[in-house]
Amino acid sequence: MRVLKRLDEIYAIAQYRAGYSPEEDAAHELAAGWMRDAGLEVSRDAAGNLFGTRGDARVWVGSHLDSVPTGGKFDGALGVVAAIEAASRLPDAPLAVVAFRAEEAGPMGSKKIESLPEAYLELHIEQGPVLANLGEPLGVVTAIAGHARGQKVFEGRADHAGTTPMDARADALVEAAQFILHVRKCAREGTVATVGAIYAEPNATNVVPAQVTVSVDARSADAKLLDALITEIGFDVQWKSDPVPMGDAFASVLPDAPRLVSGAGHDAMFVPNSSMLFVRSLNGGVSHHPDELSSAEDIALAVDALTAALARLAS
Ligand SMILES: [Zn+2]
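Just so it is clear, the model here is predicted, and its values are computed rather than measured.

Novice: So what exactly am I meant to see when it comes to the overall build of the protein here?
Specialist: Counting secondary structure elements, the protein contains 7 helices and 14 strands. Dimensions along the principal axes, computed over C-alpha positions, put the protein at roughly 80 × 40 × 35 Å. When each of the 315 residues of the protein is scored for burial, the buried share is 50%. Pairs at least 24 residues apart make up 76% of the contacts formed inside the protein by residues separated by at least 6 positions. Across the protein, 26 positive and 42 negative side-chain charges occur, with their mean positions spaced 1 Å apart.

Novice: Help me understand the domain arrangement of the protein in this model?
Specialist: It is common to report an interface's size as the accessible area lost on association of the parts. Per the domain assignment, the segments making up the protein are domain 1 (2-144 + 243-313) and domain 2 (146-241). Centre-to-centre, using C-alpha coordinates, domain 1 lies 35 Å away from domain 2. With 8 residues of domain 1 in contact, the opposing surface of domain 2 contributes 7 residues. Where domain 1 abuts domain 2, roughly 440 Å² becomes buried across the two surfaces, and 65% of that area is made up of carbon and sulfur atoms. Where domain 1 touches domain 2, the interface holds 0 salt bridges.

Novice: Where do I start with the packing of aromatic side chains in this structure?
Specialist: Each aromatic ring pair is characterised by the separation of its centres together with the angle its planes make. Overall, the coordinates contain 3 aromatic pairs when judged by the stated rule. Aromatic pair F51 and W60: ring centres 5.0 Å apart, planes at 75 degrees, arrangement edge-to-face. Each of the two residues, F51 as well as W60, counts as buried. Plain terms: the ring middles of F100 and Y120 are 5.6 Å apart, the flat faces sit at 70 degrees to each other, and that makes the pair edge-to-face. Within this pair, whereas F100 is found in strand β4 (residues 95-100), its partner Y120 is found in strand β5 (residues 119-125), the two being separated by 20 residues in sequence. We classify F100 as buried; its relative accessible area is 0%. Above the ring of W239, the side-chain terminus of R149 is found at 4.4 Å from the ring centroid.

Novice: What's the story with the pattern of salt bridges in this structure? I'm lost.
Specialist: Side chains that differ in charge, positive against negative, can pair when their charged atoms come close. In total, this model carries 14 salt bridges according to the counting rule given. Here D56 and R58 are joined by a salt bridge, their closest N and O atoms 3.5 Å apart. Residue D56 is classed as exposed on the basis of its relative accessible area of 51%. Exposure remark for R58: the relative accessible area of 42% places this residue in the partly exposed category. The salt bridge involving R89 is made with D304; its shortest N-O contact spans 2.8 Å. On the criterion of sequence distance, the pair formed by R89 in helix α3 (residues 77-89) and D304 in helix α7 (residues 296-313) is long-range, its members being 215 residues apart. What makes D304 partly exposed here is its relative accessible area of 41%. In the salt-bridge network here, residues are joined through shared partners; they are E24, D25 and R101.

What counts, and where the lines are drawn
Residues numbered from 1 in each chain as written. Predicted model: local features only at pLDDT ≥ 70, side-chain atom pairs only at ≥ 80, totals over all residues. Heavy atoms only, no water. Helix = DSSP H or I, 4+ residues; strand = E, 2+ residues; numbered from the N terminus. Buried < 20%, exposed > 50% of the residue type's maximum accessible area, 1.4 Å probe, protein only. Contact = heavy atoms within 4.5 Å. Lys, Arg positive; Asp, Glu negative; His and termini not counted. Charge placed at Lys NZ, Arg CZ, Asp CG, Glu CD. Domains from an automatic or database assignment. Buried area = accessible area lost by both parts, 1.4 Å probe. Salt bridge = Lys/Arg side-chain N within 4 Å of Asp/Glu carboxyl O. Phe/Tyr/Trp six-rings, centres within 6.5 Å; stacked < 30°, edge-to-face > 60°. Lys NZ or Arg CZ within 6 Å of the ring centre and 35° of its normal.

Structure, rendered in structure tokens:
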């Protein structure tokens, strides 16, 4: 299967292709060659995003080619390679295949696009276990979750771990531990919340912790639920993005496919009139990891669906 062979070629450049690195450049060069083979005219915008255009391209299709240090073969690259495949199957359709720069770093490229499409389609590996648990190869994304990041700081007092009685301590890490359990309880249906980082001071085995800062990451596709979650958890929000509803370009070609929310951010958040399709993640939904996997059969179905949605929009 040509899509899988090309994913292998991109992965062979380097597992880690940081945004704007020589490795990402090499992946863009490879994709540019495949775009020319598909009869597309190659160009780049000021942000370095790669376009393969045919005709009056009001419909865009694509994803990103950068990766994280522990990345797998499918995240991002699948969306670009599948887009080139779909474009090659529709030799008369006006469209643009796009590989955005540095998605994992912001994203940086899709935030800086200079012209706007009439529609944008993105196929992406799910990066989670939902479709595998449903036994379904494909899922239509209804929205990209809103996301709040921040922290909470706990103040205690540094004391000797051997000489200070238990009832005389102000242990900031014990306070933080109770907060972490509180965060987990606050995340109910339709929301997720995570404490992923702990910074303890002085972080010494024989000193009662004096100050602890914990990170909080809270997400929901429902703006009201997200705001309620933030209030209930009670933390300092340092960065927040609203939920982004997705279009129905894939819903119209896959009326019976399950609908799901993307908990992760994608380039599609920053391109107007986006629709997203997820392909099933195997191996428990692991992603940003070399075991990330989608099957050849599922990818074949995904490319068919991408082609069908593109054919409707770009005819
Ligand atoms: Zn991605």
